[in-house]
Amino acid sequence: MARRLTCPYCYETFTAREIGFRCNSRMSPTQKRCPRKRDRILAERMGQRAEVGPDFAGDGRKPTAVCPDCDGETTYRICPVCHSTLPVQFGMVENRMIAMVGAKASGKTVYMTVLLHEVMHQVGAAFGAALMGADDATMLRFSSDYQDQLFRDGQMFLGTRTAVANDNRVEPLVFRFGLRRRGLFGERPQHTVLSFFDTAGEDFSSRDGMEINTRYLANADGIILLLDPLQMPGARKAARPGTALPGSEGVDAPGNVLSRVTNMLLGLQKGTPRKVDTPIAVVFSKLDAFWHQLEAGSPLRAQPPTGNQFDVEDSLSVHEEVRQLLKDWDGVPIDQALENNYARYRYFGVSALGNSPTPEARVAPTGIQPYRVADPLLWLLSEFGSVPRKVRRKGKGRG
Ligand SMILES: Nc1nc2c(ncn2[C@@H]2O[C@H](COP(=O)(O)OP(=O)(O)OP(=O)(O)O)[C@@H](O)[C@H]2O)c(=O)[nH]1
Ligand SMILES: [Mg+2]
Ligand SMILES: [Zn+2]
Ligand SMILES: [Zn+2]
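Definitions and limits used
Residues numbered from 1 in each chain as written. Chains lettered and ligands numbered in written order. Predicted model: local features only at pLDDT ≥ 70, side-chain atom pairs only at ≥ 80, totals over all residues. Heavy atoms only, no water. Axes fitted to C-alpha atoms, helices over the stretch in contact; angles between N-to-C directions. Helix = DSSP H or I, 4+ residues; strand = E, 2+ residues; numbered from the N terminus. Parallel < 35°, antiparallel > 145°, perpendicular 65-115°, else oblique. Left-handed = near helix turned anticlockwise from the far one by under 90°. Contact = heavy atoms within 4.5 Å. Donors = N, O, S within 2.8 Å, 3.2 Å for Na, K, Ca; no water. Buried < 20%, exposed > 50% of the residue type's maximum accessible area, 1.4 Å probe, protein only. Tetrahedral: all angles 85-135°; square planar, octahedral: opposite > 155°, others 65-115°. Core = buried A, V, L, I, M, F, W, Y, C linked by side-chain atoms within 4.5 Å. Phe/Tyr/Trp six-rings, centres within 6.5 Å; stacked < 30°, edge-to-face > 60°. Domains from an automatic or database assignment. Buried area = accessible area lost by both parts, 1.4 Å probe. Pairing = 2+ DSSP bridges.

Points about the packing of helix α5 (residues 207–219) against helix α7 (residues 254–267)
So, step 1. Between α5 and α7, the least distance of the axes is 10 Å, while the angle of their chain directions is 65°. Between α5 and α7, the crossing angle belongs to the class labelled roughly perpendicular. Our pair here, α5 against α7, has a crossing hand that is right-handed. Counted together, M210, T214, L217 and A218 of α5 and R260, V261, M264 and L265 of α7 form the full contact between these two elements.

A word on the coordination of the magnesium ion (ligand 2)
Metal coordination angles in their ideal form are 109.5 degrees for the four-donor tetrahedron and 90 or 180 degrees for the six-donor octahedron.
So, step 1. Distances from the magnesium ion (ligand 2) to its protein donors, T109 (OG1) and T160 (OG1), fall within 2.0 to 2.1 Å. On the criterion of sequence distance, the pair formed by T109 in helix α2 (residues 108–120) and T160 in the loop between α4 (136–152) and β12 (173–183) is long-range, its members being 51 residues apart.
So, step 2. Residue T109 is classed as buried on the basis of its relative accessible area of 11%.

Thoughts on the coordination of the zinc ion (ligand 3)
So, step 1. On the protein side, the zinc ion (ligand 3) has C23 (SG), C34 (SG), C67 (SG) and C70 (SG) as donor atoms, found 2.3 to 2.4 Å from it.
So, step 2. Each of the 4 donor atoms bound to the zinc ion (ligand 3) contributes to angles spanning 103 to 115°, and the resulting shape is tetrahedral.

Notes on the nonpolar core
Proteins that are soluble and globular tend to have nonpolar side chains buried together.
So, step 1. Counting 47 residues, the largest nonpolar core has L217, V261, F284, L338 and Y342 as its most contacted members.
So, step 2. Where this core is concerned, the elements lending two or more residues are β10 (94–102), α5, β14 (222–227), α7, β15 (280–284), α8 (312–328), α9 (332–341) and β17 (345–349).
So, step 3. When residues in this core are grouped by element, the largest group, 5 residues, is from α7.
So, step 4. Apart from the residues lying within four places of it in its own chain, the contact partners of L217 are A99, V101, F204, I223, V261, M264 and L265.
So, step 5. Core analysis: the next-biggest nonpolar cluster, separate from the first, contains 45 residues, A129, F142, F177 and A281 among them.

A closer look at the packing of aromatic side chains
So, step 1. As enumerated under the stated definition, the model contains 15 aromatic pairs in all.
So, step 2. Between F142 and Y146, the ring centres sit 6.4 Å apart and the planes meet at 20°, which makes this aromatic pair stacked. Of this pair, F142 and Y146 are both found in helix α4, 4 residues apart, which corresponds to roughly one turn of the helix. As far as the burial class goes, F142 and Y146 line up, both buried.
So, step 3. A ring pair is formed by Y345 and Y347, whose centres lie 5.7 Å apart and whose planes are at 75°; its orientation type is edge-to-face.
So, step 4. With relative accessibility at 0%, the residue Y347 sits in the buried group.
So, step 5. Here the aromatic cluster, defined as three or more aromatic residues joined through ring pairs, consists of F142, Y146, F157, F175 and F196.

Considering the domain arrangement of the protein
So, step 1. In terms of domain boundaries, the protein breaks down into domain 1 (4–78) and domain 2 (94–390).
So, step 2. On a C-alpha basis, the centroid separation for the pair domain 1 and domain 2 is 33 Å.
So, step 3. Taken together, the 13 residues of domain 1 in the interface contact 17 residues of domain 2.
So, step 4. Summed over both partners, the interface of domain 1 with domain 2 buries about 1100 Å², with 53% contributed by carbon and sulfur atoms.
So, step 5. Summed over the three residues of domain 1 that lose the most area to domain 2, namely P8, Y9 and Y11, the buried surface amounts to 58% of that side.

Comments concerning the sheet that holds strand β3 (residues 20–22)
So, step 1. Reading across from one edge, β6-β3-β9 is the order of the 3 strands in this open sheet, with antiparallel pairing throughout. The open sheet has two free edges, formed respectively by β6 (55–56) and β9 (76–78), since each of these has just one partner strand.
So, step 2. When β3 meets β9, the two strands line up antiparallel, connected through 3 bridges. Each residue of the ladder has a partner; that of R22, found in β9, is Y76.

Below, the structure written as structure tokens:
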């Protein structure tokens, strides 16, 4: 059976052959030009109403095709299901979908924004990596809806619109992650297409919302589950005085979100029940509210190692430290649920902002000081084999 590819925009799957084409609507060698018009499927599935060239079928395994109407050659390849233009080299480079899930107000949107910003700047530079939007819409949307609001205007986000309220759509941000890797033939860039989608917390507490998210989760290659310690009764009381606490009305306990996601993933399995194989990064957010409680030698107070590899030993010590914290936070059931149901999980502790926002929902005057935000992504990339691992001690278990 031909390998199935997943569209980074709609998460539907298809074979390379089924990939379609879109005419570029330019003057062709035979002096014809296809008019642009609205693409009904693109409008319905992705909410995009711009006028575009006509779509046509061709052999999607090839990088180009000739338009039957105008004889012009096009390089625009489109998803056969949602008609989004696929990233350059789609099907030829790694394509990884990363789903971000978590309860309402757990910090998903803030975290995603800071994570992508960091990888585009500091982390990317240290890693010899580049991250760029795979398409104009992603670039525009990432800067105007996310980056500017937080980094330029210093404003927190309103709750993310639920998929149900958004015409049953989820709109992923699609990036190309390029890493210079030294190989046999000198340095050559290795590209991975990364698709991130940020859900609304409410989507995990309603059946309809859950259904829409099922396809996305089922086809995700990695999951980032954000858990907010400030929403855990055992931790809330230990938060630094003055921390902005999330309201508890309508908020799902972190353990409940995990159960819903787990039940859904297990429900998709056919045959003998086994553990979920999708790697899941279990990320505790807003760590800045707990630093005062951690011992001076805690790996969650240390600066993460730098370098251009994923540091396995450091990651495992953070993992163990979080597991210990879970005991104080009445989070042992979370640990058991992960151990029983997931073949690959890893704990992380991050602070996207480095400080509590002001009561006016603005970035603190000290600015945004991200802590360990890239760790979960680097772990996932190392699980995919897209980022090299650094193992210091022998026999220290799997990375
Ligand atoms: N102390 C602290 N608070 C944070 C941090 N990140 C987010 N918050 C707080 O958490 C609130 C919610 O963050 P969002 O990222 O909007 O949460 P969300 O998970 O996207 O919420 P929904 O879209 O409603 O599901 C923010 O307005 C901040 O008050 C952090 O790193 N530290
Ligand atoms: Mg949000
Ligand atoms: Zn044409
Ligand atoms: Zn698609």
